[in-house]
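Topology and contacts: notes
Letter by letter, the chains look like this.
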Amino acid sequence: MSPFSPVPFTAHRSGSLLGVAAIPGDKSISHRALILGALTVGETRISGLLEAEDVLQTAQAMRQFGAEISQTAPGDWQVWGRGVGGWRAPDAELDFGNSGTGARLAMGAMATTPISAVFTGDESLRRRPMKRVLEPLTKFGATYEARDGGLMPLTVYGTDRPICIDYEVTVASAQVKSALLLAALGAPGVTRITQEALTRDHTERMLQAFGAEVSIEPLDNGGERICVMGEVELWPARIAVPRDPSSAAFPLVAALIVPESEVSIPDVLLNPRRIGLIDTLLEMGADISIVNRRESGGEEIGDLIARHSQLHGVVVPPERAPSMIDEYPILAIAAANASGRTVMRGLEELRVKESDRLSAIANGLRACGIQVDELEDGMIIHGCAGEVPGNATIATHMDHRIAMSFLIAGLASRAPITADDSSMISTSFPEFETIMRSIGAKFS
Ligand code: S3P
């Protein structure tokens, strides 16, 4: 891994933002397409793959497990997989860089195959909790060795006698759920996974597209039970990756907070479990139209048009958190530009993302002159109606979404805002600077 060298980057108050922002492919779906392709015998074709560092690390890990993966044109990729149970043991450690999704899903996908693999990542990933995945994987028969606290670097020993499980996921995490669903593919019989929180369901949808037997049953507590038949053969699939709503969130909020802006963002994934931010912004008075809603590859997509708006503070329902879990940093920027208070609770999970996002957001906003009350599970932001002072350098803590969120804030603040490091942006959205400049953002 290259030594860490921060790249500071500054955003300046900009004139109206106008035009079209064509966002790259969805990160969650891109990881899953590569992993499921690697678990399939035959040729999987992917179009619109997000070619960002996180996803490219997953592609590399899949090659180390024996899949053949190549790019045929920009965004178009081909995966020749080895089938469920067919992965080989990597002959070197797997480096997932900054990506919790890639690492955790791959742990699940290999746990019911009799191979072992060493998992590691960058400084941020090596601080993130892995026991939430490793412990339930032991129920299938896998074992592991990790640093104290279940941290990376760690080794997973897949089992040669997997058993199917009946397990309740108590943490509101799609990564944990997905890791178990992928492990279930290699265990004979039906695995049942229940979860109260309705986290993103891309793994379930894509498993169905690859021909797996998956059924989903709603539960009385509002959650659901997902049943997967193990020891199956997947069919090669064609996956068209829709554009990422979590990246679209940046030009979307930029258009809302920079006066006289109008930005359209085409073909965005509108999976109901990913659009909590849009619901919340609409409640805050945002002028966002969703047009041309249609279906593509088993997912709903549509075009967003956002115009400058006078936002007001709201109380965000805590149960909405799973559907906007990655969007709280940019929502906080919208809240800082709104009039009145915005209350966000139920956000314990934000403390174990790429950084402790609650404290990174609170400290960043305070540095910009905004009053914030940080709570154990959330925060209250006292908005200043479009008059964020700025004039701050933000500690981004190796977190791409903290960096991008505060750079968006700088486009509307009175004085510039600098992200102390912008290099991590390429983990999820390498085109961020180019796309934002093309609609009128001023950076230096
Ligand atoms: C993801 C799930 C979420 C999200 C992450 C991507 C996924 O993490 O924060 O960026 O692709 O499954 P958790 O499952 O830890 O909530």
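Residues numbered from 1 in each chain as written. Predicted model: local features only at pLDDT ≥ 70, side-chain atom pairs only at ≥ 80, totals over all residues. Heavy atoms only, no water.

Once that is clear, we can look at the pattern of salt bridges. Any two side chains of opposite charge can pair, on the condition that their charged atoms come close. Following the criterion strictly, the structure yields 29 salt bridges and no others. The salt bridge involving R205 is made with D201; its shortest N-O contact spans 3.1 Å. In this structure, D244 and R274 form a salt bridge, with 3.2 Å as the shortest nitrogen-oxygen distance. Highlighted residues: D244 in the loop between β14 (238–240) and α7 (245–257) and R274 in the loop between β15 (262–269) and α8 (276–283), separated in sequence by 30 residues. (Salt bridge = Lys/Arg side-chain N within 4 Å of Asp/Glu carboxyl O. Helix = DSSP H or I, 4+ residues; strand = E, 2+ residues; numbered from the N terminus.)

Okay, the nonpolar core next. Counting residues in each nonpolar core, the largest one holds 78 residues, and the members touching the most others are L281, M344, L365, I381, I408, L411 and F432. Element by element, the count of residues in this core is highest for α7, at nine residues. For I408, the contacting residues outside a window of four places in its chain are F250, V253, A254, I257, I330, F432 and M436. By size, the runner-up hydrophobic cluster in this structure holds 69 residues, among which are L36, A52, W77 and M107. (Core = buried A, V, L, I, M, F, W, Y, C linked by side-chain atoms within 4.5 Å. Buried < 20%, exposed > 50% of the residue type's maximum accessible area, 1.4 Å probe, protein only. Contact = heavy atoms within 4.5 Å.)

Moving on, we come to the pairing of strand β8 (residues 143–147). As judged from the five bridges shared by β8 and strand β9 (residues 151–157), these two strands associate in the antiparallel manner. Bridged to R147 within β9 is L151. Once β8 ends, the chain turns through three residues before running back antiparallel as β9, passing G149 with a positive phi of about 85°. (Pairing = 2+ DSSP bridges.)

As a further point, take the domain arrangement of the protein. Segmenting the protein into domains produces domain 1 (9–24 + 242–443) and domain 2 (27–240). Here domain 1 and domain 2 have C-alpha centroids that lie 29 Å from each other. Both sides together, the interface formed by domain 1 and domain 2 hides about 2300 Å², and carbon and sulfur atoms give 46% of it. At the boundary of domain 1 and domain 2, one finds five salt bridges. One salt bridge in this structure joins R132 and E349, with 2.9 Å as the shortest N-O distance. Taken together, the links from domain 1 to domain 2 amount to 14 residue pairs in polar contact (both at pLDDT 80 or more). Here the side of domain 1 that touches domain 2 is composed, by residue class, of 11 nonpolar, seven polar and nine charged. (Domains from an automatic or database assignment. Buried area = accessible area lost by both parts, 1.4 Å probe. Polar contact = N/O pair within 3.5 Å; in protein donor to acceptor, adjacent residues only side chain to side chain. Nonpolar A, V, L, I, M, F, W, Y, C, P; charged D, E, K, R; others polar.)

Looking now at the packing of helix α3 (residues 100–110) against helix α5 (residues 174–184). Direction vectors running N to C along α3 and α5 enclose 30°, while the axes themselves pass 7 Å from each other. Looking at the two axes, α3 sits roughly parallel to α5. The two elements α3 and α5 meet at a crossing, and its hand is right-handed. On α5, the residues touching G100, T101, R104, L105, G108 and A109 of α3 are Q175, S178, A179, L182 and A183. (Axes fitted to C-alpha atoms, helices over the stretch in contact; angles between N-to-C directions. Parallel < 35°, antiparallel > 145°, perpendicular 65-115°, else oblique. Left-handed = near helix turned anticlockwise from the far one by under 90°.)

All right, on to the sheet that holds strand β17 (residues 299–307) then. Strand order in this open sheet of four strands is β2-β15-β17-β16, and the pairing throughout is mixed. Two strands bound the open sheet, and with one partner strand each, they are β2 (18–20) and β16 (287–296). Across the sheet, the mean angle separating the axes of adjacent strands is 15° when strand polarity is ignored. Pairing of β16 with β17, which is carried by eight bridges, proceeds in the antiparallel orientation. When the sheet's bridge partners are listed, S289 is paired in β17 with I305.

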